[in-house]
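Spelled out, the chains give:
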Amino acid sequence: MNDDLTLDREYQLGDQAPKVGLIQEWLCLHDLNVVIDHQFGPATSAAVRQFQTQAGITVDGVVGPLTFRRLILPMTDALKPIPPAGQTLGQLVALLAQQHFASRPREVGGQNKGPWVRLYMSGHDGAEWPWCAGFVSFLLTQAAQALSVALPITPSVSCDSLAASAKATGRFLAEAEAGDHTRITPGAFFLQRRTDTDWSHTGIVLRALADVFQTIEGNTNDDGSREGYEVCQRVRGYSGKDFVLLSQARSRSRRERRSN
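Residues numbered from 1 in each chain as written. Predicted model: local features only at pLDDT ≥ 70, side-chain atom pairs only at ≥ 80, totals over all residues. Heavy atoms only, no water.

1. As for the overall build of the protein chain
Note the cut-off: Where helices and strands are cited, they refer to DSSP runs of H or I of at least four residues and of E of at least two residues respectively, numbered from the N terminus. Contact definition: two residues touch when any of their heavy atoms are within 4.5 Å. Each accessible area is a Shrake-Rupley result for a 1.4 Å probe, and residues are judged covered by the shown protein chains and nothing else. In this tally, Asp and Glu contribute negative charge and Lys and Arg positive charge; neither His nor the terminal groups of the chain are included. For this purpose, a charge sits on NZ of Lys, CZ of Arg, CG of Asp or CD of Glu.
The secondary structure content of the protein chain amounts to nine helices and six strands. Considering only C-alpha atoms, the protein chain reaches an extent of 75 × 35 × 30 Å along its principal axes. In the protein chain, of all internal contacts separated by at least 6 residues, the share reaching a separation of at least 24 is 54%. A total accessible area of about 12200 Å² is found for the protein chain, and carbon and sulfur atoms account for 50% of it. Side-chain charges in the protein chain split into 26 positive and 27 negative, and the spacing between the mean points of these groups amounts to 8 Å.

2. Description of the sheet that holds strand β5 (residues 230-237)
Going by this rule: The rule for pairing is simple: two strands pair if DSSP sees at least two bridges between them. Axis geometry follows a simple rule: fit a line to the C-alpha atoms, using only the stretch in contact for helices, then measure angles between N-to-C directions, giving values from 0 to 180 degrees.
One open sheet accounts for six strands, arranged β1-β6-β2-β3-β4-β5; its pairing is antiparallel. One side of each edge strand has no neighbouring strand; the edge strands of this open sheet are β1 (172-173) and β5. Across the sheet, helix α5 (residues 89-102) lies against β3 (198-208), β4 (212-220) and β5, angled at about 100° from β3, the strand it touches most. Helix α7 (residues 132-147) contacts β2 (189-195), β3, β4 and β5 of the sheet and is inclined by roughly 45° relative to β3.

3. What to know about unusual backbone geometry
Phi angles above zero are rare outside glycine, and His38 is one such case at about 65°. Its location among the elements puts His38 in the loop between α1 (18-29) and α2 (42-55).

4. Quick look at the packing of aromatic side chains
How we decide: Each pair of aromatic rings taken from Phe, Tyr and Trp, with Trp reduced to its six-membered ring, is defined by centres within 6.5 Å and is described as stacked if the planes are under 30 degrees apart, edge-to-face if over 60, and tilted in the remaining cases. Think of it in three bands: with a 1.4 Å probe and only protein chains considered, a residue is buried below 20% of the maximum accessible area for its type, exposed above 50%, and partly exposed in between. The rule for a charge over a ring is simple: NZ of Lys or CZ of Arg within 6 Å of the ring centre, and within 35 degrees of the ring normal.
Going through the model one piece at a time under the given rule, you end up with ten aromatic pairs. Ring centres of Phe213 and Tyr238 lie 5.2 Å apart, and the angle between their planes is 45°; this geometry places the pair in the tilted category. Of the two residues, Phe213 is situated in strand β4 and Tyr238 in the loop between β5 and β6 (241-244); the sequence distance between them amounts to 25 residues. Comparing Phe213 with Tyr238, the two get one shared label, buried. An aromatic cluster is present here, built from Trp26, Trp116, Tyr120, Trp131, Phe135 and Phe138 joined pairwise through their rings. Sitting over the ring of Phe172, Lys167 keeps its end group 4.9 Å from the ring centre.

5. Quick notes on the nonpolar core
The line we're drawing: Each nonpolar core is a collection of buried residues, namely Ala, Val, Leu, Ile, Met, Phe, Trp, Tyr and Cys, held together in the definition by side-chain atoms within 4.5 Å.
Ranked by size, the top nonpolar core spans 60 residues in total, and within it Trp26, Leu27, Trp116, Phe135 and Phe189 carry the most contacts. The dominant element in this core, judged by the number of residues it contributes, is α7, at eight residues. Leave out the neighbours within four places in its chain, and Trp116 touches Trp26, Leu29, Pro74, Met75, Ala78, His100, Ser103, Arg104, Pro105 and Arg106. Formed by ten residues, the second largest nonpolar core is a distinct cluster that contains Ala188, Val205, Tyr238 and Phe243.

6. Considering the side chain of Glu217
Put simply, the test is: Counted as a polar contact is a pair of N or O atoms within 3.5 Å, where, for protein atoms, one must be capable of donating a hydrogen and the other of accepting one, and residues adjacent in sequence contribute only when both atoms are in side chains.
Within the secondary structure, Glu217 is located in strand β4. For Glu217, a relative accessible area of 0% translates into the label buried. There is a polar contact of 2.6 Å between the side chain of Glu217 and the side chain of Arg236. Look past the residues within four positions of Glu217 in its chain and what remains in contact with it is Phe135, Phe190, His201, Thr202, Gly203, Glu230, Val231, Cys232, Arg234 and Arg236.

7. Re α1
Since the α-helix turns once every 3.6 residues, residues separated by three or four places project in the same direction. The test is simple: Take the residue count of a helix, subtract one, and multiply by 1.5 Å to get its expected span.
Spanning twelve residues, α1 covers 17 Å between terminal C-alpha atoms, matching the ideal 16 Å at 1.5 Å per step. Counting buried positions along α1 yields eleven of twelve residues, so the element is predominantly enclosed. Considered for burial, the residues of α1 that qualify are Lys19, Val20, Gly21, Leu22, Ile23, Gln24, Glu25, Trp26, Leu27, Cys28 and Leu29. Those residues of α1 that are buried are in contact with α2, α3 (65-71), α4 (73-78) and α6 (115-120). Just downstream of α1, Asp31 is the residue with a positive phi angle, here 65°.

8. Focus on the pattern of salt bridges
Quick reminder of the rule: When a carboxyl oxygen of Asp or Glu lies within 4 Å of a side-chain nitrogen of Lys or Arg, that pair is called a salt bridge.
Applying the stated criterion across every chain, the model contains twelve salt bridges. The partner of Asp125 in a salt bridge is Arg118, with the nearest N and O atoms 2.9 Å apart. Within this structure, Asp4, Glu25, Arg118 and Asp125 form a network of salt bridges that share partners.

9. Regarding the side chain of Asp4
On the secondary structure map, Asp4 appears in the segment before α1. Looking at Asp4, its side chain comes within polar contact range of the side chain of Arg118, at 2.7 Å. In this structure, Asp4 is in contact with Leu22, Trp26, Phe68, Ile72, Pro115 and Arg118, ignoring residues within four places of it in sequence.

And the structure:
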């Protein structure tokens, strides 16, 4: 159980604890911006009362089970299971990506910080934890568990490790081999290539068109940065991109066929 989704007791004015910091993070994520200092002071109390007013629940400035459930509702909505009947693994990954996007996952409290980052990064956050690979790996794991199927690649918080696992399982599609892009189906991962052995960013492909593809990706922003702060929808070109195929294995290249 994700500790960020549980409340151990009620919190109110005068309390000081790690959970107060979590409450303050969620207040900020609801655009009620307070200092995240783990101290339940007057500003936090006022923000809680404002949130309770907006949520239509008892206004008492105390964070108990109901107020906390309302605070974390975006995350619990994102984690709701999607009926998997008739869906391929890739299709379910794409649907889950859209469901998470609808909850506006983003950082709070500093670079690569906050409950959404910790969700995707197995409890880790901070400047040293860029989370784009963690985001796609979390969705892949969520979809595979829903379908009760084996993971096609090894999840990782490293783009390079995702590429290596895809190569080892025959699911890596290099840009030069992509052809008409029909093998890039919903749920595939794109990998932003720096060099032939180094990838800097990743995300979920929603739809591959002739000249561009549509994505949902984490740790980015409207500028397409690899060190952004939120989950975004984007349209990207194919140049400099390789792919991880989830719903179908990569066919062998002509060179590989000739060597056998």
